[in-house]
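Coordinate inspection notes
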Amino acid sequence: MSSGVSVRPVRPTHVAIIMDGNGRWATANGKPRHAGHRAGVKSARQVVEACAESDVKVLTLFAFSSENWKRPPSEVDALMRLFVEVLQREVDTLHENGIQLRFIGNRESLPTILRKRMADAEARTAANSRMTLVLAVAYGGQWDMVQAMRRISQKVRSGDLDPADIDEALIARHRALAGLPSPDLLIRTGGEQRVSNFLLWDLAYTELCFTDTLWPDFGADQIAHALEFFSQRQRRFGRTGDQLEAVAD
Ligand code: IPE
Ligand code: IPE
Ligand code: MG
């Protein structure tokens, strides 16, 4: 029996989130901006739990962009301290829940202590397979492409790669998310409808879900809404709706 519903995806395998609105949440609550970032950690914890329970396999959270270095040094400093503190506090629980941690971004730009915590967390959780939690820290989509191009160019220069063999699959293997599928669903909180240099290559066919909810107000209920939104999409990847209905027959 043909049904429109059957061609719709049930669950996204990979959810990516631009966690925006911490500063505005803090201001609206009469608090300094860094209090908004602290409040945002609670949302991240809830969303990690809800995604793991919903059988999402990869969750990528945009925590700090390559452009966020332009913020006042006191805010950048507070964020770096918060990342170190949160990693220290949360890795045990993540590990116990079978979550693998992975970081993407320009690590060389980060404080040594944070880099060490990141490497320790990755090593500790490497064998976990329930869900991969990717944290994008000092990440930019353009930086991602630059680092991929550099590594590909080195292979060409050393004679290990023929430029004729550079294709989409080869570039995908050199991007920061190598080995992981591209996001099926991107959520951006905080009301802006832009990508802000997040996963440029990977978002080619991602479903986009924008919400005005500020990140510290986002939690399990809002994730459930976003998953419901996703389940209503028809992912055509260039084909026609009729073609998909015919395959589903
Ligand atoms: C997102 O919240 C967190 C980071 C970028 C680190 P913002 O800090 O951008 O919050 P708004 O957009 O100013 O409200
Ligand atoms: C995007 O938020 C980056 C993160 C959420 C980490 P921003 O607040 O930095 O984005 P813009 O500058 O308003 O586009
Ligand atoms: Mg913002």
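Cut-offs applied
- Residue positions are given per chain, counted from 1 along the sequence in the order it is written.
- As a convention, the first chain written is A and the first ligand written is 1, with the rest following in written order.
- The model is predicted, so local features are restricted to residues of pLDDT at least 70 and side-chain atom pairs to those at 80 or more, both for listing and for counting; the totals for chains, interfaces and linings are taken over all residues.
- Each side-chain value is worked out from all heavy atoms of the structure, with water and hydrogens disregarded.
- Here is the rule: rings of Phe, Tyr and Trp (six-membered ring for Trp) pair when centre to centre is within 6.5 Å. Planes less than 30 degrees apart are stacked, more than 60 are edge-to-face, and the remainder are tilted.
- Three labels apply to residues, based on accessible area from a 1.4 Å probe with only protein chains included: buried if under 20% of the type maximum, exposed if over 50%, partly exposed otherwise in between.
- By definition, any uninterrupted DSSP run of H or I lasting at least four residues is a helix, any uninterrupted run of E lasting at least two residues is a strand, and each is numbered from the N terminus.
- Should DSSP find at least two bridges between two strands, the strands are taken to pair.
- The axes used here are C-alpha line fits, helices contributing only the stretch in contact, and every angle between their N-to-C directions lies in the interval 0 to 180 degrees.
- In what follows, a contact means two residues having at least one pair of non-hydrogen atoms within 4.5 Å.
- One heavy atom suffices: a residue is near a molecule or strand as soon as one of its heavy atoms comes within 4 Å of it.
- Whenever two N or O atoms come within 3.5 Å, that pair is a polar contact, provided that in protein one can donate a hydrogen and the other can accept it, and provided that, for residues adjacent in sequence, both atoms are side-chain atoms.
- Space inside and on the surface of the protein is sampled on a 1 Å grid over the protein atoms alone, with a cavity defined as a set of points where a 1.4 Å probe fits but cannot get out and a pocket as an open set with protein on both sides within 12 Å along at least 5 of 7 lines; lining residues have an atom within 4 Å of a point.
- To qualify as sitting in a cavity or pocket, a molecule needs more than half of its atoms within 2 Å of the grid points.
- For this classification, Asp, Glu, Lys and Arg are treated as charged, while Ala, Val, Leu, Ile, Met, Phe, Trp, Tyr, Cys and Pro are nonpolar and the rest, including Gly, are polar.
- Surface exposure here means Shrake-Rupley accessible area, sampled with a 1.4 Å probe, where a residue is shielded only by the protein chains that are shown.
- Should an angle fall under 35 degrees it is called roughly parallel, over 145 degrees roughly antiparallel, and 65 to 115 degrees roughly perpendicular, with every other angle called oblique.
- Two helices crossing with the near one rotated counterclockwise from the far one by less than a right angle form a left-handed crossing, whereas a clockwise rotation gives a right-handed crossing.
- Grid points are joined across faces, edges and corners, and a volume is the space filled by probe spheres set on the points.

The relation between two aromatic rings is expressed through the spacing of the ring centres and the mutual angle of the planes. Applying the stated criterion to the full structure yields eight aromatic pairs. Each ring, one from F64 and one from W69, has its centre 4.9 Å from the other, and the planes form 75°; the classification is edge-to-face. Residue F64 is classed as buried on the basis of its relative accessible area of 1%. Measuring from centroid to centroid gives 6.4 Å for F64 and F83, while their planes differ by 80°, and the two rings are edge-to-face. One end of the pair, F64, is in strand β2 (residues 58-65); the other, F83, is in helix α3 (residues 73-96), with 19 residues separating them in the sequence.

Here the focus is the sheet that holds strand β3 (residues 99-104). If you walk across this open sheet you meet the six strands as β3-β4-β2-β1-β5-β6, and the pairing is parallel. Both outer strands of the open sheet, β3 and β6 (207-210), are each paired with one neighbouring strand and no more. Between one strand and the next, the sheet's axes are offset by a mean angle of 20°, whatever the strand orientation. Bridge count for strand β1 (residues 14-18) against strand β5 (residues 185-188) is four bridges, and the pairing is parallel. What sits directly across from I18, in β5, is R188. Helix-sheet contacts for α3 involve β2, β3 and β4 (131-139), and the interaxial angle to β3 is about 155°.

Right, let's talk about the site of ligand 2 for a bit. In the vicinity of ligand 2, the contacting residues are I18, M19, D20, F62, A63, F64, S65, N68, R71, R188, R194 and S196. Contact distances for ligand 2 include 3.3 Å between an oxygen atom and a side-chain N or O atom of R188. S196 has a polar side-chain atom sitting 2.6 Å from an oxygen atom of ligand 2. Comparing atom positions with the cavity grids shows ligand 2 to sit within the largest pocket. Ranked by the residues each element gives to the shell around ligand 2, the list is headed by β2, at four residues. Class assignment for the residues of the shell around ligand 2 results in five nonpolar, three polar and four charged.

Around ligand 1, the neighbouring residues are M19, D20, G21, N22, G23, R24, R33, H37, A63, N68, R71 and L79. Interatomic distance of 2.9 Å between a side-chain N/O atom of D20 and an oxygen atom of ligand 1. Within the backbone of R24, an N or O atom sits 2.7 Å from an oxygen atom of ligand 1. Contact with the protein chains hides 87% of the accessible area of ligand 1, taken as 380 Å² for the molecule alone. Mapping ligand 1 onto the cavity grids shows that it belongs to the largest pocket. Mapped onto the shell around ligand 1, the elements with two or more residues apiece are α1 (22-28) and α2 (33-53).

With that settled, the discussion passes to the packing of α3 against helix α4 (residues 112-125). Here α3 crosses α4 at 15°, and the two axes come no closer than 10 Å. Between α3 and α4, the angle is such that the two are roughly parallel. Of the two possible hands of crossing, α3 and α4 adopt the one that is left-handed. The segment α3 lies against α4, with M80, F83, V84, L87, Q88, V91, D92 and H95 engaging I113, L114, R117, M118, A121, R124 and T125.

Moving on, we get to unusual backbone geometry. The phi dihedral of D55 is positive, around 70°, even though this residue is not glycine. Residue position: D55 is located in the loop between α2 and β2. Positive phi outside glycine occurs at A138, with the angle close to 55°. Here A138 shows up in strand β4.

The computed volume of the largest pocket comes to approximately 1,100 Å³. Every residue lining the largest pocket is counted, 48 residues in all, and those nearest its centre are M19, A44, F62, A63 and W215. The leading source of residues in the lining of the largest pocket is α2, at ten residues. The class makeup of the residues in the lining of the largest pocket is 26 nonpolar, ten polar and twelve charged.

Take the environment of R117 next. Tracing the backbone shows R117 in helix α4. Along the primary structure R117 and Q88 are separated by 29 residues, whereas in three dimensions their C-alpha atoms are 7.4 Å apart. Filtering out sequence-adjacent residues up to four positions away, R117 remains in contact with V84, L87 and Q88.

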